[in-house]
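# What the coordinates show
The chain contents come next:
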Amino acid sequence: MASETGTEVTDETSTEASEQSLLGTTEVADDRGAGPVASTETVIEARHLDVFYDDVQALQDVNIEIPEKQVTAMIGPSGCGKSTFLRSINRMNDLVDAARIEGELLFRGKNVYDEDVDPVALRRKIGMVFQHPNPFPKSIFDNVAYGLRVQDMDVDEQQVVEESLKKAALWDEVKDQLDQSALDLSGGQQQRLCIARAIAVDPEVILMDEPASALDPIATSKIEDLIDDLAEDYTVVIVTHNMQQAARISDKTAVFLTGGELVEFDDTEKIFENPEHQRVEDYITGKFG
Amino acid sequence: MSSETRDIVTDETNASRTAKEQTYRAIFLACGILSVLTTVAIIATLFSDALTFWSEVPIEDFLLGTNWSPQIEGSYGVLPLVSATLLITFGSAVVALPIGVLTAIYLSEYASDRTRSILKPTLEILAGVPTVVYGFFALVYVTPALGTIFPSISTFNALSASLVVGIMIIPMVSSISEDAMSAVPDSLRQASYGLGATKFEVSTTVVVPAAISGIFSSFILALSRAIGETMIVTIAAGSNARLIDPLDPFSAFLNSVEPMTAAMINIGKSDVDPGSLTYKSLFAIGLTLFAITFVMNVVSNLVAERYREEYE
């Protein structure tokens, strides 16, 4: 099943990896993107996943295994279904009446579309950062504390807000104006605030839907550095239409092509230097898309 | 002059087109001026007649007087009327504001497109029912029904009028609030869902706060409508001009009261001499009513301005 996507590597090493993580010594690649990364456990797996919007098929028979605490990039031309896939993972597509799903999407082995799965609880494990910064029209502090409050988490709000803003590399810029409106921040700061907001509730996975596409190059580079750091603690799945960005920040890359087909999934280096499929090579080298 | 440039200079065809344009402009302007002039004329007559009234009855006696008995005692204290208006406005607000906002939340956040497409127009029909129908509905159905709960209720009473005025303004609250909630960008809802919020939390912690200025505006507009409402209160609330005791709203609601609008109707349809003091008092009440709704509109604009959320 996974032969075409090149992910069958996980099994031999996953036991070792999970033992390491129990001991707290898991080494998350410093050489990210610069060679084959030690495989870890699969966090998210799709099996024969189809997604339809009314009669239009947005994803076709997608099979993929996304490894823990790595950055997995989804690339492909507009309309290829990469965002649809991302939104299927935390069931944000439930909010679209017309969306219909077939096949399986497993989070830690559990199909998230099973009857007994509560999408609200699922989204507490799988956070999301959107294409356009979307802070709430509230103070900076309240934005970060929002998830803690709706999830009724018994934590020291002050401390979690500070830590989250530090992890999102925003603390130094906003520590003296936590009670000011988040809407007064620049676009890049707002997006880092949204990342802080997502990590404040301590999810396992962070989904990012083109998080830098609305930002200028400097803000983009800050976000990219941040994503690199986040993979120490979280599994990051990022959709991007920027191939250089995928090459810079990801460990694994999935290439979706028109029609909602996942054509190739492998280590990022392999995808960019020696892809299996001619169509992927054509896309990577800019012959289309 | 070349043939090309001849086309663009003022000649007969171009001149007649310009003349037509000016005529159209004048017609549109005249229509605009008409409504402004009418407003000015109404305010001017209100003021001039109210001022003649106040030259005979001191304005402080009018505004602070606690007895309204124009024809029998010649007593023109407007407070009983104002207190009755406020009582009914308060009663209708208790009915309409919560129900209106909750309806708006349902329509905007919970209802499917299909449900909304049926429910919203139905609610708007409620707004199109003539108020005289509401008035008799209050008198003929609501009051007897209330009588089974409160046997001491009068035939004409503030409670029945309040409930029905409240029902009448629900669509105003729900419709304007729903527009404000629908205008809240979806990106904010998604952000909230993405953080593990339930639909109820998304509605209460994101949508309602972001739409608060529109919700306030709907309140003010609906309350202005309740204050100015005439038919329902004239038919159902009665004409007993009593000063409401704020410490005993219960008995106030169960008895007959006379709001400002009802008092104006009662004077207008009685056979008072058009030059008489009683007749002129009509304008003084009218001006007071206008002042109240005007202040509410100003407050509404200030509130909307103050709480306007900018999303980007």
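All of these numbers come straight from a predicted model, not from anything done at the bench. (Residues numbered from 1 in each chain as written. Chains lettered and ligands numbered in written order. Predicted model: local features only at pLDDT ≥ 70, side-chain atom pairs only at ≥ 80, totals over all residues. Heavy atoms only, no water.)

Okay, the overall build of chain B next. Of the regular secondary structure elements, chain B holds 14 helices and two strands. Taken against the 2.2 N^0.38 rule, which gives 20 Å for 312 residues, the C-alpha radius of gyration of chain B at 26 Å runs more than 25% over that of a compact globule. Along the first, second and third principal axes, the C-alpha set of chain B runs to 90 × 65 × 35 Å. Split by element, the accessible area of chain B, about 16,200 Å² in all, is 67% carbon and sulfur. Here chain B holds 15 positive side-chain charges and 27 negative ones, and the gap between their average locations is 8 Å. (Helix = DSSP H or I, 4+ residues; strand = E, 2+ residues; numbered from the N terminus. Rg over C-alpha atoms; globule rule 2.2 N^0.38 Å. Areas by Shrake-Rupley, 256 points an atom, 1.4 Å probe, with all protein chains shown as cover. Lys, Arg positive; Asp, Glu negative; His and termini not counted. Charge placed at Lys NZ, Arg CZ, Asp CG, Glu CD.)

Moving on: the interface of chain A and chain B. Counting residues at the interface gives 23 residues for chain A and 20 residues for chain B. Interface area for chain A against chain B, summed over the two sides, is near 1,700 Å², with a carbon-plus-sulfur share of 60%. One can count zero salt bridges joining chain A with chain B. Taken together, chain A and chain B are joined by seven residue pairs in polar contact (both at pLDDT 80 or more). Going through the elements one at a time, helix H3 (119–125), strand E6 (126–129), helix H4 (140–150) and helix H7 (187–200) of chain A are the ones with two or more residues in the side of chain A that touches chain B. Here the residues of the side of chain A that touches chain B are counted per class, giving 14 nonpolar, four polar and five charged. (Contact = heavy atoms within 4.5 Å. Buried area = accessible area lost by both parts, 1.4 Å probe. Salt bridge = Lys/Arg side-chain N within 4 Å of Asp/Glu carboxyl O. Polar contact = N/O pair within 3.5 Å; in protein donor to acceptor, adjacent residues only side chain to side chain. Nonpolar A, V, L, I, M, F, W, Y, C, P; charged D, E, K, R; others polar.)

With that out of the way, let us pick up the UniProt feature "domain: ABC transporter" (unreviewed entry) in chain A. The sites that UniProt annotates as "domain: ABC transporter" (unreviewed entry) are residues 44–284 of chain A. End-to-end, the C-alpha atoms of residues 44–284 of chain A are 25 Å apart, and along that stretch the chain is 37% helix and 27% strand. (UniProt positions renumbered as here; feature names shortened; annotations may be inferred.)

Further remarks concern unusual backbone geometry. Residues and elements named next belong to chain A. The phi torsion at Arg91 lies on the positive side, around 60°, for a residue other than glycine. Positionally, Arg91 belongs in the loop between helix H2 (82–89) and strand E4 (99–107). For Asp202, which is not glycine, the phi dihedral falls at a positive 55°. A relative accessible area of 53% means that Asp202 is categorised as exposed. (Buried < 20%, exposed > 50% of the residue type's maximum accessible area, 1.4 Å probe, protein only.)

A few words now on the packing of helix H2 (residues 12–56) of chain B against helix H14 (residues 277–307) of chain B. All names here are of chain B. The contact between H2 and H14 brings their axes to 8 Å, and the two run at 125°. On the basis of their axis angle, the class for H2 and H14 is oblique. H14 is crossed by H2, and the crossing has left-handed handedness. Each of Ile43, Thr45, Leu46, Phe47, Asp49, Ala50, Thr52, Phe53, Trp54 and Glu56 in H2 lies in contact with H14, whose residues at this interface are Leu277, Lys280, Ser281, Phe283, Ala284, Gly286, Leu287 and Phe290. Broken down by class, the residue content of the contact of H2 with H14 amounts to 11 nonpolar, four polar and three charged. (Axes fitted to C-alpha atoms, helices over the stretch in contact; angles between N-to-C directions. Parallel < 35°, antiparallel > 145°, perpendicular 65-115°, else oblique. Left-handed = near helix turned anticlockwise from the far one by under 90°.)

This brings us to the side chain of A:Asn93. Counting through the fold element by element, A:Asn93 comes out in the loop between H2 and E4. At 3.4 Å, the side chain of A:Asn93 and the backbone oxygen of A:Thr84 are in polar contact.

A separate point is the domain arrangement of chain B. Residues and elements named next belong to chain B. Its domain assignment divides chain B into domain 1 (3–56) and domain 2 (62–307). The C-alpha-based centres of domain 1 and domain 2 are spaced at 36 Å. Each partner contributes to the roughly 1,000 Å² buried at the junction of domain 1 and domain 2, and carbon and sulfur atoms together form 85% of this total. Of all residues in domain 1, Leu46, Phe53 and Trp54 give up the largest surface area on contact with domain 2, accounting jointly for 57% of the area buried on that side. In this assembly, domain 1 and domain 2 are joined by one salt bridge. Across the domain 1-domain 2 interface, the total number found is one residue pair in polar contact (both at pLDDT 80 or more). Within the side of domain 1 that touches domain 2, the residues separate by chemical class into six nonpolar, two polar and two charged. (Domains from an automatic or database assignment.)

So, about the UniProt feature "transmembrane region" (unreviewed entry) in chain B. Residues and elements named next belong to chain B. Taking the numbering used here, the UniProt-annotated feature "transmembrane region" (unreviewed entry) corresponds to residues 26–47, 78–105, 125–143, 149–173, 202–223 and 282–304. Span residues 125–143 is 89% helix and 0% strand, its end C-alpha atoms 23 Å apart. The span residues 282–304 is 100% helical and 0% strand by assignment, and the distance between its end C-alpha atoms comes to 33 Å.

This next bit is on the packing of aromatic side chains. Counted according to the given criterion, the structure contains 11 aromatic pairs over all chains. Taking 5.8 Å as the distance between ring centres and 85° as the angle between the ring planes, the aromatic pair formed by B:Trp68 and B:Tyr76 counts as edge-to-face. Residue class for B:Trp68 comes out buried when judged on its relative accessible area of 6%. A centroid spacing of 5.6 Å and a plane angle of 75° characterise the contact between B:Phe150 and B:Phe250, whose relative ring orientation is edge-to-face. Placement of B:Phe150 in the loop between helix H6 (131–149) and helix H7 (158–182) and of B:Phe250 in helix H12 (residues 249–254) is noted, with a sequence separation of 100 residues between them. Through a chain of ring-to-ring contacts, three or more aromatic side chains come together here, namely B:Phe53, B:Trp54, B:Phe62, B:Trp68 and B:Tyr76. Against the face of A:Phe136 rests A:Arg197, its NZ or CZ located 4.5 Å from the ring centre. Looking at B:Lys199, its charged tip hangs above the ring of B:Tyr110, at a distance of 5.5 Å from the centre. (Phe/Tyr/Trp six-rings, centres within 6.5 Å; stacked < 30°, edge-to-face > 60°. Lys NZ or Arg CZ within 6 Å of the ring centre and 35° of its normal.)

Below, the discussion takes up helix H8 (residues 217–230) of chain A. Residue and element names in this part refer to chain A. Taking 1.5 Å per residue as the helical rise, H8 with its 14 residues ought to reach 20 Å, and the 20 Å between its terminal C-alpha atoms agrees with that figure. Taken together, the buried residues of H8 touch strand E3 (71–75), helix H5 (157–167), H7, strand E7 (205–209), strand E8 (235–239) and helix H9 (243–249). Capping the start of H8 is the job of one residue whose side-chain oxygen sits 3.0 Å from the backbone nitrogen of Ile218: Asp216. (Expected span 1.5 Å × (residues − 1).)

Residue and element names in this part refer to chain A. Mean pLDDT over chain A stands at 84; residues scoring 70 or higher make up 86%. Highest mean pLDDT in chain A belongs to E8 (95); lowest belongs to helix H1 (residues 10–23) (40). Low pLDDT, under 50, characterises residues 1–37; the predicted model gives this stretch 51 contacts beyond four residues in sequence or across chains. (pLDDT = per-residue confidence, 0-100.)

Before going further, it helps to examine helix H8 (residues 186–194) of chain B. All names here are of chain B. Within H8, seven of the nine residues are buried, which leaves the element mostly enclosed by the surrounding structure. Of all the residues in H8, the buried ones are Leu188, Arg189, Gln190, Ala191, Ser192, Tyr193 and Gly194. Directly after H8, the chain includes Gly196, whose backbone phi takes a positive value near 85°.

Here we come to the pairing of strand E10 (residues 261–267) of chain A. Residue and element names in this part refer to chain A. The buried fraction of E10 is high, at six of seven residues. Relative to E10, strand E9 (residues 252–257) is paired through six bridges, and the arrangement is antiparallel. Note that in E10 the partner of Val255 across the bridge is Glu264. Hairpin geometry of E9 and E10 is characterised by an intervening segment of three residues between the two adjacent antiparallel strands and by a positive phi of about 100° at Gly259. (Pairing = 2+ DSSP bridges.)

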